[in-house]
Amino acid sequence: MPQNEHIEQHQRRHGHKPDHWEVQRKKEARVHKNRSKMAQKLFGLKAKLYNKKRYTEKVQMKKTMKMHEQKNTEEKNDDAIPGGAVPVYLLDREGMSRAKILSNTIKQKRKEKAGKWAVPVPKVKALTEDQMFTIVRSGKRKKKVWKRMINKVSFVGENFTRKPPKYERFIRPMALRFKKAHVTHPELKATFQLPIIGVKKNPQSHMYTTLGVITKGSVIEVNVSDLGLVTPTGKVVWGKYAQVTNNPELDGCINAVLLV
Amino acid sequence: MSKRKIDDVDTTNESSSKENTLGSEVTPSVIEQETKYFVELVKGDGSSDKVGGTLEVDAHFELKQLNELLNSEHFLNNDQQLPYSFFVNDVEIKDNIRDTLMKSIQDQLTPQAAKKLKQKEKGLNFVSTQDAPLRITFFPQALFRVRPVTRCTASLPGHSEAILSVSFSPDGTSVASGSGDATVRLWDLNTEMPQHTLQGHTHWVLCVQWSPDGKKVASGGKDNIVKVWWASNGKKTGKALKGHKKWVTGLAWEPFHADSSCRRLASCSKDETIRIWDVSLSKCEFTLSGHSKGVTSVKWGGDGTIYSCAQDLTVRLWNVDSKSCTKILHGHAHWVNHMTMSTEYILRKGAFDHECVPLEDDKLEERRVEAKARYDDVLGKNPVRLVTCSDDHTLILWEPAVSDKPIARMTGHQGIVNHVLFSPDGRMVASASFDKSIKVWDARNGKFMMTLRGHVGPVYQVSWSGDSRLLVSGSKDSTAKVWDLSNGRLMCDLPGHYDEVFSVDWSPDGQRVGSGGKDRVLKIWRQ
């Protein structure tokens, strides 16, 4: 036995004083008084250290309280019947193809009716012409300045044929042309790589829409025939609109959210 | 009819032995030249009894004339003209005998064999049907005709979650729907209004089954409980039937002709067991265990056998009296998803025939005897047949009473086969698959008959009309479709659901089709 543990040994042998637990309780009840006295008395570096320690303690306490609260709410939810009911023959097939399933629930329908023009990115920052274009000088003395090269990502359709390069006013660089986009279905939380059909609207300007420039907030049409979407009459849907959520020219890819 | 000549000499024994040689001796050109055939008419109910004598008929004898002939005093001597369908070498006669015979022979021949035969024909003199009479098999058709449903007469909202199962009562007066909102609802069909809401389950109601006397409804849920309700007032008949450890996947009542009080109910569950319940005492009579994975379907046969299929790839037969497993059928290579038996429709209708006369309590015994007679009539001399469908994209036809080896394996689907159903007359089987198609098979030999294409999503369920001439299917593509089996074409499309159609059912009286799905609306379709 270590030399300094004689108090503990005594307690093991003879037990506590009769009023031990009472004293302890009262002492514990006084703790907050002592703490506040301490906090008022301390100054300088010691106060700083003490306050920091108290702060972390309090944060920890709040966290644990919050954890307990969450547990309570979960228990309440146990009685509720979970949604998303499936028939018995699909019970063991959950998750197999559900990620690919896109269906038009009533909720989705209503949302479509109510907020047809509510889009994930409602506002875009205006881009100036010199952010959009680089001026390309042409002519023998390089004094003609009517050519523009587009700095942003663009979509060029399959059947596009170039004008003679000499007369081409807008150059859409090959390296910034895209054919596919990563489209997320907001309700499924699943992402698919889908071919782009066209640019529906570029919010910056009508001209960019016709040029097929894709910037953040542009609405593009994508080919969703892979997803197996159907209309209420049982026809397969193949084109749907999606809004671009990233800056494709900076990221090197197009991320978009399907507008349902 | 003046051409008819009844042969006095009975050739039953001879002809049955010659039946098989017929195909090999007759060649297309000879048949084409012949103007008259000797034919005999044979019952198609498995007994192969010959009806009447052998007679000589014109080669261009048509279906209508054949029908008249069979109904006449020389053969069946029917008072009324009843409809029959005729088969030569398993090919149905649609126009006249000769064309059908030609077609059947051409179907049997491979291209090479046909070529050889042509060369041979020139120098040979062939034996024709005059030596062995042509066997024409006939089957009775349904006396009534169900008119196809075309329009939606009612969209019944009420459920607050997806409808998972729809079932018409055997007398066709009301329909029950089980839903993901943990309720069963009964709907009155005359007014097309809600009748009762049966609350009591605490989780999704997965399956609903009417008792064959139409007085009780059993429902099984994901809360592992089976509940039985009175259809008349929507009250529980007794306590909840608790015992399963996992969700209930299927229910089957004891056939009406075995017990007219409908006391016993079988339920199968994901927990690998089948439980037999006594409904009036609200307790479990016994448990059948043996499957090693979740049981997917259970059927109560007419002769006291319970059939079950499971995800452990097997089909098992259980004897109710000895409470033991009598046979295990192996054959599938993946989960067995669903099962159907040839007498399923008649057992479902139980106490009711196609006229649906209401059942009175003092006539129970009388009706039981009638039901027994109807059951025996449908079954004929054939043993009960089973068709199972599986995740391995195939179906298997079994005759479990005869052999535990499959009769035929039906291949052709390119996806999981989810649902399979015998036609009410037991001559065809329809299978619904996730490859977006429905296939129809001959239930006698498992031969492929036709594919019904038109859905653009997986097909979940099919249901036959009472006369076996029409079929309705529900699919994930949010439509139901009605198919005409006489030509294998889409008869009409039933659009209107906003989402997947999980369950379809054709009422036993043939008047209505009910469909329910993820859009929470029960739709009733009528002619």
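Residues numbered from 1 in each chain as written. Chains lettered and ligands numbered in written order. Predicted model: local features only at pLDDT ≥ 70, side-chain atom pairs only at ≥ 80, totals over all residues. Heavy atoms only, no water.

Taking an unreviewed UniProt entry as the reference, chain B is identified by name as Notchless-like protein belonging to Acrasis kona.

The name given to chain A in an unreviewed UniProt entry is Ribosome biogenesis protein NSA2 homolog, and the organism recorded there is Acrasis kona. Within the UniProt record for chain A, the comment given under Subunit (unreviewed entry) is "Component of the pre-66S ribosomal particle." According to the UniProt record, the Subcellular location (unreviewed entry) comment for chain A is "Nucleus, Nucleolus". (UniProt positions renumbered as here; feature names shortened; annotations may be inferred.)

A. Spatial organisation of the overall build of chain A. Within chain A one finds 7 helices and 10 strands. Expressed as a percentage of the 260 residues in chain A, the buried residues total 27%. Sequence separation of 24 or more characterises 47% of the internal contacts of chain A that already satisfy a separation of 6 or more. If you sum the accessible surface of chain A, you get close to 19,000 Å²; carbon and sulfur atoms cover 56% of it. (Helix = DSSP H or I, 4+ residues; strand = E, 2+ residues; numbered from the N terminus. Buried < 20%, exposed > 50% of the residue type's maximum accessible area, 1.4 Å probe, protein only. Contact = heavy atoms within 4.5 Å. Areas by Shrake-Rupley, 256 points an atom, 1.4 Å probe, with all protein chains shown as cover.)

B. Geometry of the overall build of chain B. For chain B, the count of helices and strands is 7 helices and 37 strands. Within chain B, buried positions represent 59% of all 527 residues. Taking all contacts inside chain B whose residues are at least 6 apart in sequence as the whole, residues at least 24 apart take part in 53%. Total accessible area on chain B stands at roughly 21,500 Å², and carbon and sulfur atoms take up 47% of it.

C. Up close: empty space enclosed by the protein. All names here are of chain B. The full count for this structure, using the stated rule, is 5 cavities of 30 Å³ or more. Here the second largest cavity defines a volume of roughly 50 Å³. Only helix H6 (344-349) and helix H7 (364-379) provide two or more residues apiece to the lining of the second largest cavity. Considering every element that reaches the lining of the second largest cavity, the biggest residue donor is H7, with 3 residues. Looking at the lining of the second largest cavity, its residues break down into 5 nonpolar, 2 polar and 1 charged. (1 Å grid on protein atoms, 1.4 Å probe; cavity = no way out; pocket = protein on both sides within 12 Å on 5 of 7 lines; lining within 4 Å. Points joined across faces, edges and corners; volume = space filled by probe spheres on them. Nonpolar A, V, L, I, M, F, W, Y, C, P; charged D, E, K, R; others polar.)

D. The UniProt feature "repeat: WD" (unreviewed entry) in chain B, seen in detail. If you check UniProt for "repeat: WD" (unreviewed entry), the listed places come out as residues 156-197, 198-229, 241-287, 288-328, 410-451, 452-493 and 494-527 of chain B in our numbering. End C-alpha atoms of residues 198-229 of chain B are separated by 8 Å, and the span's content is 0% helix alongside 59% strand.

E. Structural context of the sheet that holds strand S27 (residues 417-422) of chain B. Residues and elements named next belong to chain B. In spatial order, the strands read S27-S28-S29-S30; together these 4 strands make up an open sheet with antiparallel pairing. Strand pairing shows two members of the sheet lacking a second neighbour, S27 and strand S30 (448-453), which therefore form its edges. Taking each pair of neighbouring strands and ignoring which way they run, the sheet shows an average axis angle of 20°. Pairing geometry for strand S28 (residues 428-433) and strand S29 (residues 437-442), over 5 bridges, is antiparallel. Its bridge partner lying in S29, Met428 is registered against Asp442. (Pairing = 2+ DSSP bridges. Axes fitted to C-alpha atoms, helices over the stretch in contact; angles between N-to-C directions.)

F. Just the environment of B:His196, in detail. Among the structural elements, B:His196 can be located in strand S10 (residues 193-199). There is a polar contact of 3.1 Å between the side chain of B:His196 and the backbone oxygen of B:Ser232. (Polar contact = N/O pair within 3.5 Å; in protein donor to acceptor, adjacent residues only side chain to side chain.)

G. Looking closely at the interface of chain A and chain B. If you look at the interface, chain A gives 26 residues, while chain B gives 40 residues. Together, A:Ala85, A:Tyr89 and A:Arg93 form the three largest contributors to the area buried by chain A at its contact with chain B, with a combined 23%. Seen at the junction of chain A and chain B, the total is 1 salt bridge. Across the pair A:Asp92 and B:Lys270 runs a salt bridge whose closest N-O atoms are separated by 3.3 Å. Linking chain A with chain B are 5 residue pairs in polar contact (both at pLDDT 80 or more). Split by residue class, the side of chain A that touches chain B holds 14 nonpolar, 8 polar and 4 charged. (Buried area = accessible area lost by both parts, 1.4 Å probe. Salt bridge = Lys/Arg side-chain N within 4 Å of Asp/Glu carboxyl O.)

H. How the structure looks around the pairing of strand S31 (residues 459-464) of chain B. All names here are of chain B. Within S31, 6 of the 6 residues are buried, which leaves the element mostly enclosed by the surrounding structure. Note that S31 and strand S32 (residues 470-475) share 5 bridges and pair antiparallel. The residue of S32 that forms the bridge with Val462 is Ser473. In sequence, S31 turns back onto S32 through a hairpin of 5 residues, with Ser468 there showing a positive phi of about 60°.

I. The arrangement of the environment of B:Arg444 in detail. Residue and element names in this part refer to chain B. Structurally, the position occupied by Arg444 is in the loop between S29 and S30. Note: C-alpha distance between Arg444 and Met428 (16 residues apart in sequence) is 7.9 Å. Ignoring sequence-local partners within four residues, the contact set of Arg444 consists of Phe87, Asp90, Phe139, Arg385 and Leu397.

J. Region of the structure containing the sheet that holds strand S14 (residues 241-242) of chain B. All names here are of chain B. Here 4 strands make up an open sheet; going across it, the order is S11-S12-S13-S14 and the pairing antiparallel. For this open sheet the edge positions go to strand S11 (205-210) and S14, each flanked by a neighbour on one side alone. By the bridge criterion, 5 bridges tie S11 to strand S12 (residues 216-221) in an arrangement that is antiparallel. The partner of Cys207 across the bridge, within S12, is Gly220.

K. Broad picture of the packing of aromatic side chains. Applying the stated rule across the entire model yields 8 aromatic pairs over all chains. On the basis of an interplanar angle of 70° and a centroid distance of 5.8 Å, the ring pair of A:Phe133 and A:Tyr208 is categorised as edge-to-face. With A:Phe133 in strand S1 (residues 133-138) and A:Tyr208 in helix H6 (residues 206-211), this residue pair connects regions lying 75 residues apart in the sequence. Relative accessible area serves as the criterion here: at 6%, A:Phe133 is assigned to the buried category. Ring centres 6.5 Å apart and planes at 50° place the aromatic pair B:Phe86 and B:Phe138 in the tilted group. Of this pair, B:Phe86 sits in strand S3 (residues 84-88) while B:Phe138 sits in strand S5 (residues 134-140); the two residues are 52 residues apart in sequence, bridging distant segments of the chain. Both residues of the pair, B:Phe86 and B:Phe138, belong to the buried class. Among the aromatic residues, those joined into a ring-pair cluster are A:Tyr89, B:Phe434, B:Tyr460 and B:Phe502. (Phe/Tyr/Trp six-rings, centres within 6.5 Å; stacked < 30°, edge-to-face > 60°.)

L. Geometry of the layout of surface pockets. All names here are of chain B. Considered as a void within the structure, the second largest pocket measures approximately 1,100 Å³ in volume. The wall of the second largest pocket is formed by 40 residues, among which Phe87, Glu92, Lys94, Met449 and Ser486 lie closest to the centre. Looking at the lining of the second largest pocket, the elements with two or more residues in it are helix H3 (63-71), S3, strand S4 (91-92), helix H4 (97-108) and S30. Sorting elements by how many residues they give to the lining of the second largest pocket places H4 first, with 6 residues. The residue makeup of the lining of the second largest pocket, split by class, is 16 nonpolar, 9 polar and 15 charged. Here the lining of the second largest pocket gathers at least three residues from each of two domains, domain 1 (12-140) and domain 4 (382-495). (Domains from an automatic or database assignment.)

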